[in-house]
Amino acid sequence: MSHSEDFPEELSETVKNFHGSLGDLQSKLDLMLSQPRTDLYARLDPMGKAKMDLVSAYAINSLFWMLLKTMGENPGAADVKKELDRVKEAMMRCKEIQDRAKRGRVDQGAAKRLVSSGLWEPGKSKIRPVAG
């Protein structure tokens, strides 16, 4: 009996996908580990450093999750899920901060002028905003 006959057919595709994902992870880790972390950090702004730390923490916890699953253990019992959720929450906060920085600022004076000119009707005196 060969090894392929011993292996359950329904898991074949799952294991192939898992193997492919590990190959992708290995290539990305090789790229990241090709330089000292301090050199990478020196070139990043604070947001980039935060993202790098978050991605690293998420990757490590995900790998630990996979290790526990392959060993037949429940990752939830080891609080890995809680840690992954905590890192995801931090990633969302980081994204909110980044989005807030990208969001345009409203010039309130220009907005008031735009509204008052839009409400003005010909033949009536101009609406002057109340100073206050």
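Everything numeric here is computed off the predicted structure, so don't read it as measured data. (Residues numbered from 1 in each chain as written. Predicted model: local features only at pLDDT ≥ 70, side-chain atom pairs only at ≥ 80, totals over all residues. Heavy atoms only, no water.)

Student: Tell me what's going on with the overall build of the chain, and back it up with residues and numbers.
Tutor: Tallying secondary structure elements over the chain gives six helices and zero strands in all. Ordered by position in the sequence, the α and β elements of the chain form the string α-α-α-α-α-α. The buried share among the 132 residues of the chain stands at 11%. Just so you have it, the chain exposes about 11,100 Å², and 60% of that area is on carbon and sulfur atoms. (Helix = DSSP H or I, 4+ residues; strand = E, 2+ residues; numbered from the N terminus. Buried < 20%, exposed > 50% of the residue type's maximum accessible area, 1.4 Å probe, protein only. Areas by Shrake-Rupley, 256 points an atom, 1.4 Å probe, with all protein chains shown as cover.)

Student: How would you sum up the environment of aspartate 53? Please name residues and give values.
Tutor: Among the secondary structure elements, aspartate 53 is positioned in helix α4 (residues 46-70). Residues aspartate 53 and tyrosine 41 lie 12 residues apart in sequence; the distance between their C-alpha atoms is 10.0 Å. For aspartate 53, the contacting residues outside a window of four places in its chain are Arg37 and Tyr41. (Contact = heavy atoms within 4.5 Å.)

Student: Describe in detail the packing of α4 against helix α5 (residues 80-102), supporting the description with residues and values.
Tutor: For any two helices packed against each other, the geometry comes down to the angle between their axes and how far apart the axes lie. Following both chains from N to C, one finds α4 and α5 inclined at 155°, their axes separated by 10 Å at the closest point. Between α4 and α5, the angle falls in the class roughly antiparallel. Judged by the sense of rotation from one axis to the other, the crossing of α4 with α5 is left-handed. Of the residues in α5, those touching α4 at Met47, Ala50, Lys51, Leu54, Val55, Ala57, Tyr58, Asn61, Ser62, Phe64, Trp65 and Leu68 are Val80, Lys81, Glu83, Leu84, Val87, Lys88, Ala90, Met91, Cys94, Ile97 and Gln98. (Axes fitted to C-alpha atoms, helices over the stretch in contact; angles between N-to-C directions. Parallel < 35°, antiparallel > 145°, perpendicular 65-115°, else oblique. Left-handed = near helix turned anticlockwise from the far one by under 90°.)

Nothing here speaks to function; it is all geometry.
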